[in-house]
Amino acid sequence: MTRLFNDPSDFAEESLEGFVAAHRRWVRRVPGGVIRATPRVPGNVAVVVGGGSGHYPAFAGLVGQGMAHGAAVGNVFASPSAQQVHAVARAADSGGGVLLSFGNYAGDVLHFGQARQRLLDEGIPCEAVPVTDDVSSAPARDRDRRRGVAGDLAVFKVASAAADAGLPLAEVARLARLANDRTRSFGVAFDGCTLPGSTEPLFTVPAGRMAVGLGIHGEPGIGEQPMPTADELAELFVSTLLAELPPGVDTPRGQRVGVILSGLGSVKYEELFVVYRRVAQLLDRAGLEVVDPEVGELVTSFDMAGASLTLFWLTDELEPLWTAPADSPAHRKGSVPRVEGADDDEIPDLAQDVVPPASEESRASARTALAALAAVRDTVEEHAEELGRIDAVAGDGDHGIGMRRGAAGGLRAAEEAAARDAGAGTLLARAADAWADEAGGTSGALWGVALRSLAAVVGDEQRPSAQAVAAGVRAASEDVMRLGGAVVGDKTMVDVLVPFAETLSSRVEAGDALGAAWEAAAEAAGRAAEGTADLVPRMGRARPLAERSVGTPDAGAVSLALIVRAVRDVLPD
Ligand SMILES: Nc1ncnc2c1ncn2[C@@H]1O[C@H](COP(=O)(O)OP(=O)(O)O)[C@@H](O)[C@H]1O
Ligand SMILES: O=C(COP(=O)(O)O)[C@@H](O)CO
């Protein structure tokens, strides 16, 4: 149970504020996350990591000399937004380019990918290395689909040490990818975690049983077994990881490995040491030489009861990077000569400030758009808990939290734009950026894209006709599918967006006014959302829990249907 919080929606932000207050020697708060407190070294690569909150010390606790140069810190169990990643990267950059590294989750891939593109467009060289160490999340032939868990530490450490050694970006990226290729983790859980503000755990494990291969957000693994002894767990860990040797390794005998035994939240250090005792014996018996093992909480999942073991198969070039000194709040090794001075260089101000001029007609439409966004915020607020519950059936339970933050942030930005006489296009574009920024996660990225596509078609010149609105919604639907890669039938918001866009267009083409066409489209959206209950998910966090999700609609489909229904009430007939 996570007990200590104020308003649950502020948990991630308030936790980060306290973390920075407690670690000023190492970190400095910047928009989107933290960077090192020590001065940047001109010309060096900046390693920027990141992910959702709820996994401490990942990700902010791993920033400091010898470790990452910056961390973008997302909401609870949701990736940081592209804007956050971009802002942290710009603040950390010291002229040598940026390496982005993160766990391989849909939201992180979308947001870090967009941030990378933005950096490249600005002329800042950037590489991205997703971490894919969790052996239970996909078979070996599908390594690129695996999630990232405690192996984050190995990859981040190697990349950061390489960057601090002054290696160029291409080399830092090559070494980070090599480290990822040679890192394998495997986890178990004895009980689920509870998100701040929730009364129920995200999932439960029956008493006396152990879930095997579980992810760090309650994603399912490969089975369930009776509760083991500490030695039996060590045997399961080691035998599983030795069953998948990295490319080029034929036998464990004679190999050198970094080892990480990570508690997921409520398994304590002394329990971990009992397990590690046996792990060390077994690795020794297999002929492996262990180098700088780590036992503790390295990547967690709130109060989840569980642990994971990671083997990092070293090479001659990886070992010195793994053993290099490091000085971050949560990971310290050896002695690091402190780069003197404080990093009080200017942090680039990336805020968009100029509101382009707009016609009177467009400003009038902006008032309707603002009313629509207020209706969206209200309906999301009203249904946030229900959305979280639906998402928890097969996802990670954060859909209500993310949508609530996104809708509130979008409305706030729209109000600011309206107060400065923005046209409808600019108002929607500002709302789009704020939504993606505040929500993070997969749906935050997709809602940002959808609103931005609509904004581009609406523009600041004319009062948008029904045809223009329908075309904007169609563009939004196409862009969401292009970015997210989902199609109808995958059990996502796309199952609602497509029939909504199609019905709106066909009714407008048939001569209906916008209000009537929207009414028909909202009804189609409601039916489509209900229909997702029968589907088996093929995308997103719910995919691995395909069976459990049948009978429950998709959370993102339900929220979209609720939103278009609420918007109907502000449109003229
Ligand atoms: N590839 C995708 N394309 C379109 N929608 C998606 C995709 N992946 C997930 N979704 C939608 O996002 C919703 C989950 O949103 P949310 O919980 O906010 O994100 P996350 O899974 O990153 O925590 C799902 O219910 C689904 O509707
Ligand atoms: O869950 C996380 C990010 O994945 P989403 O796809 O955004 O849910 C996060 O906790 C790990 O970065």
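Residues numbered from 1 in each chain as written. Chains lettered and ligands numbered in written order. Predicted model: local features only at pLDDT ≥ 70, side-chain atom pairs only at ≥ 80, totals over all residues. Heavy atoms only, no water.

Asker: Tell me about unusual backbone geometry, residues and numbers included.
Answerer: Cis geometry is adopted by the peptide bond preceding P57, which originates at Y56 and carries an omega value of 10 degrees. Mapped onto the fold, P57 is located in the loop between β3 (46-53) and β4 (70-76). In this model, A58 is joined to F59 through a cis peptide bond whose omega is 10 degrees. In this structure, F59 sits in the loop between β3 and β4. (Helix = DSSP H or I, 4+ residues; strand = E, 2+ residues; numbered from the N terminus.)

Asker: Give me the lowdown on the sheet that holds strand β12 (residues 305-313), citing residues and values where you can.
Answerer: As summarised here, the arrangement of the 6 strands in space is β9-β8-β7-β12-β10-β11, forming an open sheet in which the pairing is mixed. The sheet is open, and its two edges are formed by β9 (223-226) and β11 (289-296), each paired on a single side. With strand direction ignored, the average angle separating the axes of adjacent strands in the sheet is 20 degrees. Where helix α5 (residues 169-181) meets the sheet, it contacts β7 (183-191) and β12, and its direction lies at approximately 55 degrees from that of β7. (Pairing = 2+ DSSP bridges. Axes fitted to C-alpha atoms, helices over the stretch in contact; angles between N-to-C directions. Contact = heavy atoms within 4.5 Å.)

Asker: For the pattern of salt bridges, give the residues involved together with the corresponding values.
Answerer: Pairing is possible between side chains that carry opposite charge, provided their charged atoms lie close to one another. A full pass over the atoms with the stated rule returns 29 salt bridges. R143 serves as the salt-bridge partner of D181, at 3.6 Å between the closest nitrogen and oxygen. Taken together, the residues span a long stretch of sequence, with D181 in helix α5 and R143 in the loop between β6 (126-131) and α4 (152-164) at a distance of 38 residues. Where E360 meets R363, a salt bridge forms, and the shortest distance between an N and an O atom there is 3.0 Å. (Salt bridge = Lys/Arg side-chain N within 4 Å of Asp/Glu carboxyl O.)

Asker: Residue-level account of the pairing of β11, with values.
Answerer: In the sheet, strand β10 (residues 256-263) pairs with β11 via 6 bridges, with the strands oriented parallel. In the sheet register, L261 faces β11, and the bridge partner there is V295. This β-α-β element, β10 to helix α7 (residues 269-285) to β11, shows right-handed connectivity. (Right-handed = clockwise from strand over helix to strand, strands pointing away.)

Asker: Go over the site of ligand 1 with me, naming the residues and quoting the values.
Answerer: Neighbouring ligand 1 are 20 residues, the closest being D398, T442, S443, M493 and D554. Contacts to ligand 1 include D398, whose side-chain N or O atom sits 2.9 Å from an oxygen atom. In the environment of ligand 1, a nitrogen atom lies 2.9 Å from a nitrogen or oxygen atom belonging to the backbone of G484. Here ligand 1 loses 94% of its free accessible area of 560 Å² to cover by the protein chains. Considering each element in turn, the shell around ligand 1 owes the most residues, 4 residues, to helix α12 (residues 441-458). Partitioning the shell around ligand 1 into residue classes produces 7 nonpolar, 8 polar and 5 charged. (Near = heavy atom within 4 Å. Polar contact = N/O pair within 3.5 Å; in protein donor to acceptor, adjacent residues only side chain to side chain. Areas by Shrake-Rupley, 256 points an atom, 1.4 Å probe, with all protein chains shown as cover. Nonpolar A, V, L, I, M, F, W, Y, C, P; charged D, E, K, R; others polar.)

Asker: Report on the domain arrangement of the protein, specifying residues and quantitative values.
Answerer: What the domain assignment lists for the protein is domain 1 (8-193 + 207-325) and domain 2 (360-568). The C-alpha centroid of domain 2 is placed 33 Å from the C-alpha centroid of domain 1. On the side of domain 2, 22 residues touch domain 1, which itself brings 20 residues to the contact. Summed over the shared surface of domain 1 and domain 2, the result is 0 salt bridges. Remark: the boundary between domain 1 and domain 2 carries 6 residue pairs in polar contact (both at pLDDT 80 or more). Within the residue set of the side of domain 1 that touches domain 2, elements represented by two or more residues are β4, α2 (82-92) and α3 (106-121). (Domains from an automatic or database assignment.)

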